[in-house]
Amino acid sequence: MAPDRTSLAGTPDTTPEAGGGVPALPGERARDLLPAIEPERTITDWGRSERVEGMLDRTLVDFFYRYWFRCDVEGIENLPAEGGALLVSNHSGALPPDAAVISKAIREEHPRARPLHITVEHFFKGYPGFSALIPKIGCVPAHPANVHRLLYDERQLVLVFPEGRKGTEKTYSERYKLRRFGRGGFVEAAARAEAKLSPVCVVGAEEAMPIFAQLNVLKRLTGLLYFPITPTFPWLGPVGMFTYLPAKFRIRFLEPIDTAALGDGEGLDTAQVQTVAHEVRARIQENLDEMVAARHSVWFG
Amino acid sequence: MSVGEATGEGAVAATATPHRTRRVLVTGVSTYWGGRLAEALESHPEIDAIVGVDSDEPTRELHRTEFVKVGNQHSLIERIVKAAELDTVVDARLVVNSLMSAPRAAHENNVIGTMNVLAACAGPDSPVRKLVFKSSAHYYGCEQDDPAFFTEEMRRPHAPRTALERDIVDAEESVSEFTDKRPDVTVTVLRCANVLGPDVATAFTRMFALPLVPMVLGFDPRCQFVHEDDVVRALEHPVLNHTPGTYNVAADGVLALSEVIGLLGKRPLPVLPPWGTGALAAPLRRLGFRIPDEMVNQLRFGRGLDNRRLRATGFRYEYTSREAAISLGEHLRLDPVLRGHEPAYTYEKEVEEFLRRSPHVRRPEHEEPLGF
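In this convention, every chain numbers its residues from 1, walking through the sequence in written order. Both sets of labels track the order of writing: A upward for chains, 1 upward for ligands. Whole-chain, interface and lining totals are the exception, using all residues; otherwise, since this is a predicted model, local features are given only for residues with pLDDT of at least 70 and side-chain atom pairs are given and counted only at 80 or more.

Peer 1: Quick question: what am I supposed to make of the overall build of chain A here?
Peer 2: The secondary structure listing takes helices from DSSP runs of H or I that are at least 4 residues long and strands from runs of E that are at least 2 residues long, numbered from the N terminus. Secondary structure assignment for chain A yields 11 helices and 9 strands. Exposure is read from a count of other C-beta atoms within 10 Å of each residue's own; the residue is exposed at 12 or fewer, buried at 20 or more and partly exposed in between. C-beta atoms are placed from the backbone. The 301 residues of chain A split such that 43% are buried. Any residue pair is listed as a contact if its two C-beta atoms, each placed from the backbone, are within 7 Å. In chain A, the share of contacts with a sequence separation of at least 24, taken over all contacts with a separation of at least 6, comes to 77%.

Peer 1: Quick question: what am I supposed to make of the overall build of chain B here?
Peer 2: Across its full length, chain B carries 13 helices and 13 strands. Projected onto its principal axes, the C-alpha coordinates of chain B cover approximately 60 × 50 × 35 Å. Looking at the 372 residues of chain B, the share that counts as buried comes to 48%. By sequence separation, contacts in chain B at least 24 residues apart represent 78% of the contacts at least 6 residues apart.

Peer 1: Hey, could you run me through the packing of helix H7 (residues 257–264) of chain B against helix H12 (residues 321–338) of chain B in this one?
Peer 2: Two packed helices can be described by the angle between their axes and the distance between those axes. All names here are of chain B. At a minimum axis distance of 8 Å, the contact between H7 and H12 shows a crossing angle of 40 degrees. Taken as axis vectors, H7 and H12 run oblique relative to one another. Between H7 and H12 the crossing geometry is right-handed. Contacts between H7 and H12 pair Val260, Leu263 and Leu264 from the former with Arg322, Ala325, Ile326, Leu328, Gly329 and Leu332 from the latter. For this scheme, ten residues count as nonpolar: Ala, Val, Leu, Ile, Met, Phe, Trp, Tyr, Cys and Pro. Four count as charged, namely Asp, Glu, Lys and Arg, and the remainder, Gly too, count as polar. When the residues that make up the contact of H7 with H12 are grouped by side-chain class, the tally is 7 nonpolar, 1 polar and 1 charged. For helices, the fitted line uses only the C-alpha atoms of the stretch in contact; every axis is such a line through C-alpha atoms, and the angle between N-to-C directions lies from 0 to 180 degrees. Roughly parallel means an angle under 35 degrees; roughly antiparallel means over 145; roughly perpendicular covers 65 to 115; every other angle is labelled oblique. Should the near helix be turned counterclockwise from the far one by less than a right angle, the crossing is left-handed, whereas a clockwise turn marks it as right-handed.

Peer 1: So what exactly am I meant to see when it comes to the pairing of strand S6 (residues 196–203) of chain A here?
Peer 2: Every regular strand shows the same layout, with side chains that alternate between the two sheet faces. Residues and elements named next belong to chain A. Among the 8 residues in S6, 8 count as buried, and that is most of the element. Every second residue of S6 is oriented toward a common face, with Lys196, Ser198, Val200 and Val202 on one face and Leu197, Pro199, Cys201 and Val203 on the other, all of them buried. Whether two strands pair comes down to DSSP finding at least two bridges between them. When strand S2 (residues 85–89) meets S6, the two strands line up parallel, connected through 5 bridges. By the bridge assignment, Leu86 is partnered in S6 with Leu197. Of the strand pairs in this sheet, S6 and strand S9 (residues 250–253) are connected by 4 bridges, and their pairing is antiparallel.

Peer 1: Looking at this structure, how should I read the nonpolar core?
Peer 2: In a soluble, globular protein the nonpolar side chains are often hidden away together inside. All names here are of chain A. Leu86 and Ile102 are the most contacted members of the largest nonpolar core, which has 155 residues in total. The element best represented in this core is helix H11 (residues 270–294), accounting for 7 residues. Those residues in contact with Ile102, other than ones at most four positions away along the chain, are Leu87, Ser89, Leu116, Leu159, Val200, Val202 and Ile251. In plain words, the nonpolar core is the set of buried Ala, Val, Leu, Ile, Met, Phe, Trp, Tyr and Cys residues that C-beta atoms within 7 Å link up.

Peer 1: Hey, could you run me through the sheet that holds S6 of chain A in this one?
Peer 2: Hydrogen bonds between backbone groups are what pair the strands of a sheet, and the pairing can be parallel or antiparallel. All names here are of chain A. Strand order in the open sheet formed by 7 strands is S1-S9-S6-S2-S5-S3-S4, and the pairing between neighbours is mixed. The sheet is open, and its two edges are formed by strand S1 (72–74) and strand S4 (139–141), each paired on a single side. Between one strand axis and the next, the sheet turns by 25 degrees as a mean value, whatever way the strands run. Direction of pairing for S2 relative to strand S5 (residues 157–160): parallel, over a ladder of 4 bridges. Counterpart to Leu87 in the pairing with S5 is Leu159. Against the sheet, helix H8 (residues 185–192) contacts S2, S5 and S6, and its axis sits at roughly 165 degrees relative to S2.

Peer 1: Would you take a moment to explain the interface of chain A and chain B for this structure?
Peer 2: In this complex, chain A contributes 38 residues to the contact, which on the side of chain B involves 38 residues. Elements represented by at least two residues in the side of chain A that touches chain B include exactly helix H1 (27–32), helix H4 (123–126), helix H5 (130–133), S4 and helix H6 (144–153) of chain A. Element by element, the count of residues in the side of chain A that touches chain B is highest for H6 of chain A, at 3 residues. Broken down by class, the residue content of the side of chain A that touches chain B amounts to 17 nonpolar, 12 polar and 9 charged.

Peer 1: Even after reading the chapter, I still don't get the packing of helix H1 (residues 32–42) of chain B against helix H6 (residues 228–240) of chain B, so can you show me in this structure?
Peer 2: Residue and element names in this part refer to chain B. Packing of H1 against H6 leaves a shortest axis separation of 9 Å and a crossing angle of 60 degrees. For the element pair H1 / H6, the angle class is oblique. Where H1 crosses over H6, the two elements pack in a sense that is right-handed. Residues Trp33, Arg36, Leu37, Ala40 and Leu41 of H1 form the contact with H6, whose participating residues are Val231, Val232, Leu235, Glu236 and Val239. Class assignment of the residues belonging to the contact of H1 with H6 gives a composition of 8 nonpolar, no polar and 2 charged.

Peer 1: Honestly, the environment of Asp32 of chain A in this entry has me stumped. Any pointers?
Peer 2: Locating Asp32 of chain A in the fold gives a position in helix H1. A count of 11 C-beta atoms within 10 Å places Asp32 of chain A in the exposed class.

Peer 1: Would you mind showing me how to read the confidence of the model for chain B here?
Peer 2: Predicted coordinates in regions of low pLDDT should not be interpreted in detail. All names here are of chain B. Note: pLDDT gives the predictor's confidence per residue, expressed from 0 to 100. Residues of chain B with pLDDT of at least 70 account for 92%, and the chain-wide mean is 88. Taken together, the stretch residues 1–14 has pLDDT below 50 and engages in 23 contacts with residues farther than four places along the chain or on a different chain. Two summary scores accompany this predicted model of the complex, namely pTM at 0.88 and ipTM at 0.86.

Quick look at the structure:
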C-alpha cells in the first residue's frame, strides 16, 4: 500500500553510525565527486529517459500545451536561471496536468531552460505501469534525501506540490482554495539545500478535470490513491484519466524567495520556517484569486 | 597514504592511527573475493605475509599466500593471528546470495562467523590494528519508499524482509560494536552493490545469462552495479590506505533494467506478475529462473547508492555500471565458445607445501622462502 508520506519535512536518517567516523563531504567537494554523465547514455541516474520524455513532449504534451490548454505564461524571468530552486505550486486534477504544463512552459519560454524534476508520491514507484513510466518523464519520489541531492548537489529545478494528495482529492466546489501546506517541510528542504523557493500559480487545471466526488470504496478495491468521479472517469475507463476538458491555462511564476536567512542545516528556525511557509501559501492564493478574477471565461481566458 | 608505523608490541593508542599494513589475514580465502584479494595482495612486495583461512580449499592458484584450513572457530583464528603477528584482517566471507548456500549455513557463516572473526581480533594483546569487513548493499534492503541514492549514514527504513538481509544487518551490528570497543583498530566496512563481470557468479549475472531476461510487468527498476575488478581493488584500497568508516562500493551510473538488457544485447521477458512476485519466486526457481528472495524487491523498486565517500578517499573506479554491463555482455557472447577449455585449478596440499618450503624450488633472488 502507498506509504502515507507526502511531506518533505522528514529529515533523512542521519543517525551517525558507529564506525562511520568520516564527516559528511563538504558541499563543493560533494559536487565535484558527482558521477560524470556518460554521453552514450540516454537515461539519467534518476531514470529519466531522453527518448521517452522527448517523444511525449513532441506529441501529447505539445498538443495539450499549445492547442488544447493554450497556455499563457507570465513572469518566466522570475525563475532562477542557475542554482537549485524549489518550485512550489498549487495542485489539482485527478491525474494532474499542472506538472507537465509547468515543465513544458519552462522548456518553451525560459531563455536558459533546464529540466524540471517533479516530486511524486512513493505510491507511483510501487504501482505497475506508473513505476516504469513515471521516472522516465522526470518524476522523482518525494523523499527528503532525493530533494536534497537534486537541489543541493546537482543544483537542479525541483517542483513540489505542498498540498500533496489533499490538493488532488478536492472536489470542484473547492477549486482554487489552497489546502494546508503540509508542515512547512518544503521550506525546510529548500533552506537546508541553500536553494531558492520559487512559487508558481496555475489557473485552468481545476476546470480541465473537475472532480465531482471521491469514492472511497472503489479506491480501496483498486488500490489507487483515490477514485475520483470526473466527466470522463470512470465512464471511459483508464482513458478517462487522461481526458481533459479544454480549459484555458495561465501559469504565473512569482518572484523567488531566498531561504538563506533561515539558516542552514541544524540551525533552522522552526518558527521562521512556518512563517515563510504561510507567506508562500498566501502569495500563491493571492495571485490565484487575482488571476481567477481577471478571467472572463473558463474556456477562452 | 598511510604515514604511521606498526608498533606491534601491544601499544594501545586512544584512537585508530594510520597504520601501515605488513601482515594480512584474509578470511574466506577460498571464496571468490578472498581468493581474488589474496592474489592482488601478493603483488605488493611491502606486504610481508598473507595468511588465508577458510574451511574449504582454495579455488585460485596462490603463490605466497599461506593457506590454513580452519573453520570459523575463533580460538584457532586467534592463535594464527597472534603467532604470525598479523596486523590486518580482511573479512571477505560474507554470503550475499541466499541461493549460494543453505539458509542455516548462510546464517552460521554471516552472523556466527563474523562474531568469531571479531572475537579472534578482540583480545587485549591482539596484534590486529586494522579490520576490513566486506558487507553488502543488501544492508539497505529495497523498498518502495527508499531514497534514490543511499548514503552511508542512512539506516534501512524498514525491518529486514529476508533472512539474508537480517543476517547482514546483524553482522554489521557486531562489527560496529567491535569498532566501539576497540578504538585503536581502524575498521573499514565496504557495502558492495550488485557485482557484474566476466568471472564472478552472482544472482544478476545468472539472470542475465538467460536467453530472455525476466522482468516484473510494469516495472523498470534502477540498477547500479560494480565490476568485479573494482570490488577487488576496493578491498585492497583500505589495506593499503587509512580509511576508517563505512563506504558504499558502487560504480558510477544507475541504469534502468531495460537499458542493461539492451547493453547485453538480450531481450526482456516481462512475465513476472507485479503482485505476489515474492510468493512466485519459489516455483519460478524450479523452472530455472533462479531469483533469490532478496532480489525480488530489487526487480520492482531497484536501488541506487551514493558512491562519493569512497571516491573522496582517493579510490577510482575503472568501470562505470554501463561498462560493467558491457563487459558481462562480451563475456556472455564469448562463453559458449570458450566453455570447457579453461583448466580448473585444484588445490593439492603436498604440491603447495613443496612449492613453498622445498629448498629445491628455484625462486627469484629477492624472494626468500616463506615461513618462519
